[in-house]
Amino acid sequence: MIPRIPHPEHRPDWQSLLAGAVRSSEELLRLLELDPQQLKIQPLCSDFPLRVPHSYVRRMAKGDIHDPLLRQVLPLVEETLQVAGYSHDPLAELAAMPSPGLLHKYHGRALLTVTGACAIHCRYCFRRHYPYSEANPLNSHWEQSLDYLGRHPEINEIILSGGDPLSLTDLRLREITTRLSALPQLQTLRIHTRIPIVLPERVDDGLLALLEQQRMKVVMVVHCNHANEIDPAVRGALQLLASSGATLLNQSVLLQGVNDSASSLIDLSRTLFSAGVLPYYLHQLDHVHGAAHFAIEDRRAVALIEAVRNALPGYLVPRLVQEQPGALAKSPLQCSNN
Ligand SMILES: *Cc1c(COP(=O)(O)O)cnc(C)c1O
Ligand code: SF4
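A brief report on the enclosed structure follows. Note that residues are indexed from 1 along each chain, following the sequence as it is written. To read the labels, note that chains go from A and ligands from 1, taken in the order they are written. Reporting of local features is limited, given that this is a predicted model, to residues whose pLDDT is at least 70; pairs of side-chain atoms are given and counted only at 80 or more, and all residues count toward the totals for whole chains, interfaces and linings. For side-chain calculations, the full set of non-hydrogen atoms in the structure is used, while hydrogens and water are omitted.

## Regarding unusual backbone geometry
Across the junction of Gly 162 and Gly 163, the peptide omega takes the value 15°, indicating a cis bond. Only DSSP runs of H or I with at least four residues qualify as helices, and only runs of E with at least two residues qualify as strands; both kinds are numbered from the N terminus onward. With respect to the secondary-structure elements, Gly 163 resides in the loop between β3 (157-161) and α6 (170-181). One non-glycine residue, Glu 33, lies in positive phi territory at about 55°. As for its placement among the helices and strands, Glu 33 is situated in the loop between α2 (25-31) and α3 (54-57).

Here's what the structure looks like:
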């Protein structure tokens, strides 16, 4: 048994940490002792404002405008550029929705966007324009989604996504998982979440108990893009999640200025492994409006993953994939001979 954190009464709870997150570029740059003149910051981004928990800010290097964690959260003027091929719904997700908030694109698994809220706002997020208020399965559409699942017994895995499902309270998560567990066809509960990485305090006794009590096999796919995101608190949270019986995988996005070097990707895989997590996917950026400055050419992406493959055992090499609207699975990016 791994001892749980012994003095919960001395620990700020995750909801107050979430409420106290940094919400302005000025405050963030002040904490990092950076001069706003050094960076081209976008002053108005009220539809997807800056949001980052203090514990994540503490993992950034002070005085470094190139910090890979800073780049993931700081709204730059480049976001306002109109770039050909970049749209608001790059994956045509709205066409794959049999019920609002339920996405069924691939055989045997379906994905529920259970909330639009996140602990952090990642500037490259492909769902940054997703209509969560219309697609929230927890309002009137919830029964419709359960009904659809019941009529599709070939779906044996349900994926909770968002937003970030772990931004919901334990009570809400318990309601959702209880209703889903009642469908005997569902064997696997998968949770796509960045919260164990960005707000490890969320992994508390209540959440762990909820995970331990599941009838379904639990798979947790976390989202970490750089080794610097994994500090001792994150390691502790991941260890607790593993001890609850969950299988831990990671997905990353290949991002210009964040992790676009072989050494950074190799370091990420090794660090994840040392924290009990296996790399799963490395996503080529989805072409969402506002994120073009993070893009890496396919040819370079393939070369990078080749370099990772030549340096690491196969189980530490993530699958480099690109999502194609209408495809039956995420598509691997292959070596081209040109
Ligand atoms: C990514 C995704 C999945 C999961 O795909 P896996 O290859 O099983 O990880 C399922 N449904 C949707 C809609 C997705 O976008
Ligand atoms: S945590 Fe995930 S869903 Fe939320 S902003 Fe970041 S990438 Fe998007």
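There is more to say, and it comes next.
## Things to note about the site of ligand 2
Neighbouring ligand 2 are Cys 118, Ile 120, Cys 122, Cys 125, Gly 163, Arg 194 and His 223. Put simply, Ala, Val, Leu, Ile, Met, Phe, Trp, Tyr, Cys and Pro go in the nonpolar bin, Asp, Glu, Lys and Arg in the charged bin, and everything else, Gly too, in the polar bin. When the residues that make up the shell around ligand 2 are grouped by side-chain class, the tally is four nonpolar, two polar and one charged. Note on terminology: near, applied to a residue and a molecule or strand, indicates that one of the residue's heavy atoms is within 4 Å of it.

## Things to note about the site of ligand 1
In the region of ligand 1, the neighbouring residues are Leu 103, Lys 105, Tyr 106, Arg 109, Leu 111, Ile 159, Arg 190, Tyr 280, Tyr 281, Glu 323 and Lys 330. The definition of a polar contact used here is a pair of N or O atoms within 3.5 Å, where within protein one atom must be able to donate a hydrogen and the other to accept one, and adjacent residues in sequence count solely through side-chain atom pairs. Between Glu 323 and ligand 1, the recorded distance is 3.3 Å, taken from a side-chain N or O atom to an oxygen atom. Each accessible area is a Shrake-Rupley estimate made with a 1.4 Å probe; only the visible protein chains count as cover when residues are assessed. Summarising the interface, the protein chains cover 94% of the accessible area of ligand 1, which totals 390 Å² for the free molecule. If one sorts the elements of the shell around ligand 1 by residue count, strand β1 (residues 102-106) sits on top with three residues. Looking at the shell around ligand 1 residue by residue, the classes come out as six nonpolar, no polar and five charged.

## Considerations on the sheet that holds β3
The strand order across the open sheet formed by nine strands is β1-β2-β3-β4-β5-β6-β7-β8-β9, and the pairing between neighbours is mixed. The sheet terminates laterally at β1 and β9 (331-332), the two strands that pair on one side only. Relative to β9, strand β8 (residues 319-322) runs antiparallel, the two being bridged by two bridges. Residue pairing for β9: Val 321 is matched across the bridge by Pro 332. When DSSP finds at least two bridges between two strands, those strands are taken to pair.

## Observations regarding the side chain of Ser 244
The residue Ser 244 is located in the loop between α9 (232-243) and β6 (247-253) in this model. Among the polar contacts made by the side chain of Ser 244, one reaches the main-chain carbonyl oxygen of Leu 241 at a distance of 2.6 Å. In this view, Ser 244 contacts Leu 208, Leu 211 and Glu 212; residues no more than four positions away in its chain are not counted. Pairs of residues are marked as contacts when any of their non-hydrogen atoms sit within 4.5 Å.

## Structural notes on the packing of helix α10 (residues 262-274) against helix α11 (residues 298-309)
Running from N to C, α10 and α11 cross one another at 50°; their axes reach a closest spacing of 9 Å. Comparing their axes, α11 and α10 come out oblique. In the crossing of α10 with α11, the sense of the turn from one axis to the other is right-handed. Of α11, the residues touching α10 (which contributes Ala 262, Leu 265 and Ile 266) are Leu 304, Ala 307 and Val 308. Class assignment of the residues belonging to the contact of α10 with α11 gives a composition of six nonpolar, no polar and no charged. Axis definition: a line fit to C-alpha positions, over the contact stretch in the case of helices; interaxial angles, taken between N-to-C directions, run 0 to 180 degrees. Relative orientations are named as follows: roughly parallel for angles under 35 degrees, roughly antiparallel for angles over 145 degrees, roughly perpendicular for angles from 65 to 115 degrees, and oblique for any other angle. Here a crossing is taken to be left-handed if its near helix is turned anticlockwise relative to the far helix by less than a right angle, and right-handed if that turn runs clockwise.

## Brief notes about the pattern of salt bridges
Salt bridges are counted wherever a side-chain nitrogen of Lys or Arg sits within 4 Å of a carboxyl oxygen of Asp or Glu. As enumerated under the stated definition, the model contains 16 salt bridges in all. Note that Arg 123 and Glu 79 form a salt bridge whose closest N and O atoms lie 2.8 Å from each other. Taken as a pair, Arg 123 in the loop between β2 (109-113) and α5 (142-150) and Glu 79 in the loop between α4 (68-73) and β1 lie far apart in primary sequence, 44 residues in all. Accessibility expressed as a relative area gives 0% for Arg 123, which makes it buried. Glu 175 is the partner of Arg 172 in a salt bridge, and the nearest nitrogen-oxygen pair spans 2.2 Å. With a gap of three residues between them, Arg 172 and Glu 175 both fall in helix α6, about one helical turn apart. Burial classes follow relative accessibility: with a 1.4 Å probe on protein chains only, a residue under 20% of its type's maximum area counts as buried, one over 50% as exposed, and anything between as partly exposed. A relative accessible area of 39% means that Glu 175 is categorised as partly exposed. Taken together, the shared-partner salt bridges in this structure form one network comprising Glu 79, Arg 123 and Arg 128.

## A few points about the nonpolar core
Side chains that are nonpolar tend, in soluble globular proteins, to be buried together. Formed by 77 residues in total, the largest nonpolar core has its most connected members in Leu 28, Val 52, Met 60, Leu 74, Ile 158 and Leu 180. With five residues, the single largest contributor to this core is α9. To qualify as a nonpolar core, a set must consist of buried Ala, Val, Leu, Ile, Met, Phe, Trp, Tyr and Cys residues joined through side-chain atoms within 4.5 Å. Listed in part, the 15 residues of the second largest apolar core include Ile 296, Ala 301, Leu 316 and Val 317.

## A look at α5
Three or four residues apart is the spacing at which side chains of an α-helix point the same way, because the helix has 3.6 residues per turn. Turning to α5, its buried residues are Trp 142, Ser 145, Leu 146, Tyr 148 and Leu 149. Projected onto a plane normal to the axis of α5, the buried residues spread over an arc of 160° and lie on a single side. For α5, the secondary structure elements touched by its buried residues are β1, β2, β3 and α6. Throughout, the arc means that of the directions going from the helix axis to the C-beta atoms.

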